[in-house]
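Listed below are the residues making up each chain.
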Amino acid sequence: MATGSMLILVLPPAIGAFLFSMALFGLGASLLASAPAALVADVSPARGGRVVAVFQMSADLGAIAGPLIAGWLTDVASFQVAFAVSAAVLGASLLSALAMRPDKRAATRPTA
């Protein structure tokens with residue numbers, strides 16, 4: 001959803017497309033809030049806090065650097081280029097998530 005909403009913003013500016021894109025991005029962002037950190041905790045071998053902390057710090061770095069880079073891209077190119085690069089980053093994460101293999105250990109764990 002988040003990737004698709006960014007791709008809508010690459011289109012020529014229109015108020016209806018913008019409003020639809022922002023609503024769609026809001027839904028997508030709500031799904032991106034806690035699930036990635038939980039996934040990192042689940043796949044880390046020690047299931048410890050250090051791996052999740054590094055993940056959260058890298059997310060914080062992206063939250064700071066992303067708007068700065070997008071603003072720079074807007075200054076040197078256009079809003080559409082900045083949104084296209086943002087969509088490419090989200091698309092790369094989507095492809096990475098789709099390429100993940102299921103955890104075979106989960107199928108062998110006893111359930112309560």
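How each quantity is defined
- Residues numbered from 1 in each chain as written.
- Predicted model: local features only at pLDDT ≥ 70, side-chain atom pairs only at ≥ 80, totals over all residues.
- Heavy atoms only, no water.
- UniProt positions renumbered as here; feature names shortened; annotations may be inferred.
- 1 Å grid on protein atoms, 1.4 Å probe; cavity = no way out; pocket = protein on both sides within 12 Å on 5 of 7 lines; lining within 4 Å.
- Points joined across faces, edges and corners; volume = space filled by probe spheres on them.
- Helix = DSSP H or I, 4+ residues; strand = E, 2+ residues; numbered from the N terminus.
- Nonpolar A, V, L, I, M, F, W, Y, C, P; charged D, E, K, R; others polar.
- Axes fitted to C-alpha atoms, helices over the stretch in contact; angles between N-to-C directions.
- Parallel < 35°, antiparallel > 145°, perpendicular 65-115°, else oblique.
- Left-handed = near helix turned anticlockwise from the far one by under 90°.
- Contact = heavy atoms within 4.5 Å.
- Expected span 1.5 Å × (residues − 1).
- Buried < 20%, exposed > 50% of the residue type's maximum accessible area, 1.4 Å probe, protein only.
- Polar contact = N/O pair within 3.5 Å; in protein donor to acceptor, adjacent residues only side chain to side chain.

An unreviewed UniProt entry lists the protein chain under the name MFS transporter, with Blastococcus brunescens given as the organism. In its Subcellular location (unreviewed entry) section, UniProt records this for the protein chain: "Cell membrane".

Undergrad: So, the layout of surface pockets: which residues are in play, and what are the values?
TA: Counted as a void, the largest pocket has a volume near 1200 Å³. Looking at the lining of the largest pocket element by element, the count peaks at 11 residues for helix 4 (residues 49-76). Across the lining of the largest pocket, the residue classes break down as 22 nonpolar, 9 polar and no charged.

Undergrad: Tell me about the packing of helix 1 (residues 2-10) against helix 5 (residues 79-99), and please be specific about residues and values.
TA: Across the interface, helix 1 lies against helix 5 with an axial gap of 8 Å and an inter-helix angle of 160°. Taken together, helix 1 and helix 5 sit at an angle that is classed as roughly antiparallel. As helix 1 packs across helix 5, the resulting crossing turns out to be left-handed. Contacts between helix 1 and helix 5 involve Ala2, Thr3, Met6, Leu7, Leu9 and Val10 from the former and Gln80, Phe83, Ala84, Ser86, Ala87, Leu90 and Gly91 from the latter.

Undergrad: Requested: an account of the UniProt feature "transmembrane region" (unreviewed entry) in the protein chain, with residues and values cited.
TA: Mapped onto the present numbering, the UniProt feature "transmembrane region" (unreviewed entry) falls at residues 6-39 and 79-100. With 79% helix and 0% strand, residues 6-39 has end C-alpha atoms that lie 24 Å from one another. Split by type, residues 79-100 is 95% helix and 0% strand. Its first and last C-alpha atoms lie 32 Å apart.

Undergrad: So what about the environment of proline 12? Which residues, and what values?
TA: With respect to the helices and strands, the residue proline 12 is situated in the loop between helix 1 and helix 2 (15-31). Once the C-alpha coordinates of proline 12 and phenylalanine 79 are considered, the two residues, 67 residues apart in sequence, prove to be 10.0 Å apart.

Undergrad: Could you give an account of helix 5, naming the residues involved and the relevant values?
TA: The α-helix advances 3.6 residues per turn, and as a result positions three or four apart in sequence lie on the same side. Compared with an ideal rise of 1.5 Å per residue, which puts 21 residues at 30 Å, helix 5 spans 30 Å between its outermost C-alpha atoms and is within 8% of the ideal. Taken as a whole, helix 5 has its buried residues at Ala82, Ala87 and Gly91. The secondary structure elements touched by the buried residues of helix 5 are helix 1 and helix 4. A side-chain oxygen of the first residue of helix 5 lies 3.4 Å from the backbone nitrogen of glutamine 80; this N-cap is serine 78.

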